[in-house]
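The lines below spell out each chain.
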Amino acid sequence: MPRSPLAALVLLLLLAGCDHYPRDADDMTALAAERSMQVGASHDPPWVRVSADGQVSGPEAELVRDFARAHGYRLRWRPGGHDALMRELERARLHAVIGGHDPDSPWQPMVGWSRPLHLRTDDDAAMPERRIALPPGQSAWQLEVDRHLLERERQREGGRAR
Amino acid sequence: MTSSAPRPPPRALPEAQQQALRRAERLCWWTLLWIALASTLMYFSMGGSQTMKTALVEDLLSLVPPIAFLVASRFRRKGVDEEYIAGRERAFNVNFLISAVALTGVGLALVYDGLHTLLTATRPVVGTITVAGHVFWQGWLMMAALAVTAVPPMILGNKKLGLARQLSLKPLHTDADTGKADWMTAAAGIVGVAGIGMGWWWADATAALVISCNILHDGATNLRGAVRDLHDARPQKLERDEPDPLPERLCAEISALPWMDGCTVRLHEEGLHLSGIVLLRNRTLTAAQLEEVRAIAQAVDWRLDQIDVSIDDRAPSERR
């Protein structure tokens, strides 16, 4: 049966040559570009603040705004309870969820997670490891978010060095 | 206790087979070492891919056949004693059953995981990794890890298959089948992860399901073989598709004796050996004739061990 690994190898070489690889299972990247980027937000001060009228603010919200602006996506906030938002995220109906994540949450293995955000509430505060929850199975989307985050880290490091 | 007559110790294996058995034990140690390494590698490169998770469960289950083989060959060496008056030759039959159950377990685990993913439409989570300042899709790492883990079970399995043929030892064949299940799952995993990259969330589970059919088939065949052997059923060849020709050969050799009126044999498998009874249609049997029959049995093949000789006093109509 040496044919199967060989076939797999050929397939890999073909894939490595593809421009649009990896792709999303539910076209999340295309949906963000064509319609809007839907982001769930739970009140989780100081990182995410959701006001009574549904306005979302805080460092993590700024990060998401920054990402949407950089890619030209129209951003639509979906404030709500954490579990309800995560259920939506698991079914790939949201592009991301910020706020309310607990490291021991049962949602941990069900959805994707971005790189650590490296955010501080102010310059001297501690930097807890916080991440954005992403829909599972959306490989291209996940790559886009993480590349943006890495780029941002680099810019900030560059800024600090100067 | 005094009334029990312990069986004579089993026939010693020929030198070539003794060496093969020692090599098989060494291969099993290598297999254990490899599985431990591979499971660790898999654990650290594992995303939420169903096949990656299943590959880990499968790795743990595939520890069972080599461990059982090592235990069985040690146990067998103790031989006949006051407690085990018929010897410990069947250690490998027990080993065969345990290994067959483990292999079937591997197949069932794969079927369960694959169906679960497909029915709940779970999107596998494949994240990213950062290497040298660049963000890469974790799928590449997973595929590389799977490709690396596919190679050793292929090599070890092939070697075990050769030794299993030389020793006509079924549990070792099952161990080789488990190795085959290992590398085939890894290959399916590569296809599955590559499919996830295409945006086909179902690719991983489907690839695992296709492979699991093959593994379940192997498991069921081994299980049937193990149950047959524990019932002293008619000996079968190692590949379990045809009857073993050895009983026929023994019967033919004995029938060639000039004083012989006819003979039938009832042999069964005891681990490495075949044992059983030779039934002669002669009315009487002298001690010299008995010795002659036993000598032939010893000479026909190294696998023939405890051969009892008796007179077949059934009426011709009862004989089949």
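Residues numbered from 1 in each chain as written. Chains lettered and ligands numbered in written order. Predicted model: local features only at pLDDT ≥ 70, side-chain atom pairs only at ≥ 80, totals over all residues.

### Quick word on the overall build of chain A
Logical step 1: Helix and strand counts for chain A stand at five helices and seven strands.
Logical step 2: Residue pairs in contact within chain A that sit at least 24 positions apart in sequence constitute 66% of those at least 6 positions apart. (Helix = DSSP H or I, 4+ residues; strand = E, 2+ residues; numbered from the N terminus. Contact = placed C-beta atoms within 7 Å.)

### Overview of the overall build of chain B
Logical step 1: Across its full length, chain B carries nine helices and five strands.
Logical step 2: Its C-alpha atoms put chain B at 90 × 40 × 35 Å along the principal axes.
Logical step 3: Expressed as a percentage of the 320 residues in chain B, the buried residues total 47%.
Logical step 4: Relative to all contacts within chain B whose residues are 6 or more apart in sequence, the contacts with residues 24 or more apart total 71%. (Buried ≥ 20, exposed ≤ 12 C-beta atoms within 10 Å, placed from the backbone.)

### As for the packing of helix α1 (residues 15-45) of chain B against helix α5 (residues 138-167) of chain B
Residue and element names in this part refer to chain B.
Logical step 1: Between α1 and α5, the shortest axis-to-axis distance is 10 Å and the interhelical angle comes to 165°. Viewed along their axes, α1 and α5 adopt a mutual orientation that is roughly antiparallel. Like other packed secondary-structure pairs, α1 and α5 cross with a definite hand, here left-handed. (Axes fitted to C-alpha atoms, helices over the stretch in contact; angles between N-to-C directions. Parallel < 35°, antiparallel > 145°, perpendicular 65-115°, else oblique. Left-handed = near helix turned anticlockwise from the far one by under 90°.)

### Concerning helix α4 (residues 82-90) of chain A
All names here are of chain A.
Logical step 1: Within α4 the residues assigned to the buried category are His 82, Leu 85, Met 86 and Leu 89. All buried residues of α4 project into a common sector of 100° when viewed along the axis, lining one side.
Logical step 2: Residues of α4 that are buried make contact with β1 (37-41), β4 (75-79), β5 (96-98) and β7 (133-134). (Arc of directions from axis to C-beta.)

### A look at the nonpolar core
One broad rule of soluble globular proteins: the nonpolar side chains tend to lie buried together.
Logical step 1: Ala96(A), Ile98(A) and Ala133(A) are the most contacted members of the largest nonpolar core, which has 100 residues in total.
Logical step 2: Top contributing element to this core by residue count: helix α6 (residues 170-197) of chain B, with 13 residues.
Logical step 3: Ranked by size, the runner-up nonpolar core spans 11 residues in total, among them Ile254(B), Leu267(B), Val278(B) and Ala297(B). (Core = buried A, V, L, I, M, F, W, Y, C linked by C-beta atoms within 7 Å.)

### Let's talk about the interface of chain B and chain A
Logical step 1: Chain B puts 23 residues into the contact, and the matching count from chain A is 24 residues.
Logical step 2: Sorting the residues of the side of chain B that touches chain A by element identifies β1 (128-131), β2 (134-137), α5 and α6 of chain B as the ones contributing at least two each.
Logical step 3: With seven residues, the single largest contributor to the side of chain B that touches chain A is α6(B).

### Considering the pairing of β1(A)
Residue and element names in this part refer to chain A.
Logical step 1: Across the five residues that make up β1, a large majority, five, are buried.
Logical step 2: Side chains Met 37, Val 39 and Ala 41 of β1 all project onto a buried face; the interleaved residues Gln 38 and Gly 40 project onto the opposite face, where all are buried too.
Logical step 3: Summarising the sheet, β1 and β4 pair through five bridges and their orientation is parallel. Residue Gly 40 lies in a different strand from β4, and its bridge partner there is Arg 78.
Logical step 4: With three bridges joining them, β1 and β5 adopt parallel strand pairing. The residue bridging Gly 40 from the neighbouring strand is Val 97, located in β5. (Pairing = 2+ DSSP bridges.)

### Let's talk about the confidence of the model for chain B
All names here are of chain B.
Logical step 1: On average, chain B scores 90 in pLDDT, and the residues at 70 or more come to 96%.
Logical step 2: By mean pLDDT, the top-scoring element of chain B is helix α3 (residues 64-77) (96), and the lowest-scoring one is helix α2 (residues 50-61) (70).
Logical step 3: Across the assembled chains, the prediction reports ipTM 0.83 with pTM 0.84. (pLDDT = per-residue confidence, 0-100.)

### Topic: the domain arrangement of chain B
Residues and elements named next belong to chain B.
Logical step 1: Domain annotation for chain B reports domain 1 (15-230) and domain 2 (246-311).
Logical step 2: Between the C-alpha centres of domain 1 and domain 2 the distance comes to 40 Å.
Logical step 3: Of the residues lining the interface, 11 residues belong to domain 1; the matching set on domain 2 comes to seven residues. (Domains from an automatic or database assignment.)

### Some details on unusual backbone geometry
Logical step 1: The omega torsion across Tyr21(A) and Pro22(A) is -5°, close enough to zero to call that bond cis.
Logical step 2: Here Pro22(A) lies in the loop between α1 (3-16) and α2 (28-34).
Logical step 3: Each neighbour pair has its own omega, and for Pro45(A) with Pro46(A) the value is 5°, a cis peptide bond.
Logical step 4: Relative to the helices and strands, Pro46(A) is located in the loop between β1 and β2 (49-50).
Logical step 5: Here the phi dihedral of Ala132(B) falls at roughly 50°; this positive angle occurs in a residue that is not glycine.
Logical step 6: Within the secondary structure, Ala132(B) sits in the loop between β1 and β2.
Logical step 7: Exposure remark for Ala132(B): the 5 C-beta atoms within 10 Å place this residue in the exposed category.

### So, the environment of Leu272(B)
All names here are of chain B.
Logical step 1: Within the fold, Leu 272 resides in the loop between β3 (263-270) and β4 (273-280).
Logical step 2: Each C-alpha atom, one on Leu 272 and one on Leu 167, is 6.9 Å from the other, the two residues being 105 residues apart in sequence.
Logical step 3: Excluding residues within four positions of it along the chain, Leu 272 makes contact with Leu 13, Phe 92, Leu 167, Leu 169 and Arg 303.

### Concerning the sheet that holds strand β5 (residues 304-311) of chain B
Two strands in a sheet stick together by hydrogen bonds in their backbones, pointing the same way (parallel) or opposite ways (antiparallel).
Residue and element names in this part refer to chain B.
Logical step 1: In space, the three strands of this open sheet follow the order β3-β4-β5, with mixed pairing throughout. With one partner strand each, in any of the chains shown, β3 and β5 form the two edges of the open sheet. Taking each pair of neighbouring strands and ignoring which way they run, the sheet shows an average axis angle of 15°.
Logical step 2: Of the pairings in the sheet, the one linking β3 to β4 comprises eight bridges and is antiparallel in character. If you follow Cys 263 over to β4, its bridge partner there is Leu 280.

### Comments concerning the environment of Gly54(A)
Residues and elements named next belong to chain A.
Logical step 1: Checked against the element boundaries, Gly 54 lands in the loop between β2 and β3 (56-57).
Logical step 2: For Gly 54, a count of 11 C-beta atoms within 10 Å puts it in the exposed group.
Logical step 3: In the structure, Gly 54 is positioned 12 residues away from Asp 66 in sequence and 19 Å away in space, judged by C-alpha atoms.

### Re the packing of α6(B) against helix α7 (residues 203-230) of chain B
Residues and elements named next belong to chain B.
Logical step 1: Where α6 meets α7, the closest approach of the two axes is 7 Å, and the angle between their N-to-C directions is 170°. Viewed along their axes, α6 and α7 adopt a mutual orientation that is roughly antiparallel. For the pair formed by α6 and α7, the contact residues are Lys 170, Thr 174, Asp 177, Ala 181, Met 184, Thr 185, Ala 188, Val 191, Gly 192, Val 193, Gly 195 and Ile 196 on the first element and Ala 203, Asp 204, Ala 207, Ala 208, Val 210, Ile 211, Asn 214, Ile 215, Asp 218, Asn 222 and Gly 225 on the second.

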